[in-house]
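Descriptive structure summary
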Amino acid sequence: PYCKLAMCLMSWLLPLPSGFRGKLLHVLNALGKWSFVDAYVLMTLMGLGSMDTQMHGGIGVAVFIDPRPSFVSFLVATVISLCLGELILHCHELNLGEHKEPHTSGRAPSLMIHILILTFVL
């Protein structure tokens, strides 16, 4: 995430050629979506790191990981990083005049329907 944010800042502030800037921003947005894999790995490690054991004589040991503040802040920072990347790419496309017109046929795209269904199922 730090490299992505530094490169987004570089593309925002430095006078780069527009073709190179566009390719850089598209690559950063594509690779930035993989940062949610980090969250999946962290959740898996939290599940594997939890342990509850009973020993002889009634002695027990319980180990668990409480990641609430740090994990939530990591997820919020990841979402903010993705939003900033999309915003910078949008500003770049507006500057070049490559902005696509919104979908105005009156029907919701099928991808949006699938996302809504997935949201309600989870």
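Just so you know, the residues in each chain are numbered from 1, in the order the chain's sequence is written. In keeping with the model being predicted, local features are shown solely for residues with a pLDDT of at least 70 and side-chain atom pairs are shown and tallied solely at 80 or more, while totals for entire chains, interfaces and linings include all residues. Each side-chain value is derived from all of the structure's non-hydrogen atoms; neither hydrogens nor water enter the calculation.

1. Focus on the overall build of the chain
As a reminder of what qualifies: The numbering of helices and of strands both runs from the N terminus, where a helix is a DSSP run of H or I of at least 4 residues and a strand a run of E of at least 2. Any residue under 20% of the maximum accessible area for its type is buried, any over 50% is exposed, and the rest in between are partly exposed; the area is computed with a 1.4 Å probe on protein chains only. Note on contacts: a residue pair is in contact if any heavy atoms of the two residues lie within 4.5 Å. The Shrake-Rupley method, run with a 1.4 Å probe, gives the accessible areas here. Residue values count only the displayed protein chains as cover.
Summing up its helical and strand segments, the chain has five helices and two strands in all. Here the chain, with 122 residues, has 20% of them falling under the buried criterion. Looking at the chain alone, contacts between residues at least 24 apart form 55% of all its contacts between residues at least 6 apart. Only carbon and sulfur atoms are counted for the fraction: they give 73% of the accessible area of the chain, which is about 9,600 Å².

2. Some details on the packing of helix α2 (residues 18–32) against helix α4 (residues 68–96)
Selection rule: Fitted lines through C-alpha atoms serve as axes, helices being fitted only where they are in contact, and the angles separating the N-to-C directions of these axes extend from 0 to 180 degrees. Between 65 and 115 degrees an angle is taken as roughly perpendicular, under 35 as roughly parallel, over 145 as roughly antiparallel, and anywhere else as oblique. Left-handed describes a crossing whose near helix is turned anticlockwise from the far helix through less than a right angle; right-handed describes the clockwise counterpart. Put simply, Ala, Val, Leu, Ile, Met, Phe, Trp, Tyr, Cys and Pro go in the nonpolar bin, Asp, Glu, Lys and Arg in the charged bin, and everything else, Gly too, in the polar bin.
Orientation of α2 relative to α4, taken along the N-to-C sense of each, is 155°, at an axis distance of 10 Å. Accordingly, the angle class assigned to the pair α2 and α4 is roughly antiparallel. The interaxial crossing formed by α2 with α4 has left-handed handedness. In contact with S18, R21, G22, L25, H26, N29 and G32 of α2, α4 contributes L82, G85, E86, I88, L89, H92, E93 and L96. In the contact of α2 with α4, the residues fall into five nonpolar, seven polar and three charged.

3. Quick word on the environment of L82
By secondary structure assignment, the location of L82 is in helix α4. In sequence terms L82 and L31 are 51 residues apart; their C-alpha atoms lie 10.0 Å from each other. Ignoring any residue separated from it by four or fewer positions in sequence, one finds L82 in contact with K4, G32, K33 and F36.

4. What to know about the pattern of salt bridges
As a reminder of what qualifies: For this document, the term salt bridge refers to a Lys or Arg side-chain nitrogen within 4 Å of an Asp or Glu carboxyl oxygen.
For the structure shown, the criterion picks out one salt bridge. Note that E86 and K33 form a salt bridge whose closest N and O atoms lie 3.1 Å from each other. Linking E86 in helix α4 with K33 in the loop between α2 and α3 (36–49), this pair joins segments that are 53 residues apart in sequence.

5. Regarding helix α1 (residues 2–13)
Keep this limit in mind: Helix span, expected: 1.5 Å multiplied by one less than the number of residues in the helix. The arc in question is the one spanned by the directions pointing from the helix axis to the C-beta atoms.
Here α1 contains 12 residues, and its C-alpha end-to-end distance of 16 Å stays within 8% of the 16 Å for a straight helix at 1.5 Å per residue. Buried within α1 are the following residues: K4, C8 and S11. For α1, the angular spread of buried residues about the axis comes to 65°, placing them on one side. Seen from the buried face of α1, the exposed residues on the opposite side, beyond 90 degrees, are Y2, C3 and L13. Looking at the buried residues of α1, the elements they touch are α2 and α4.

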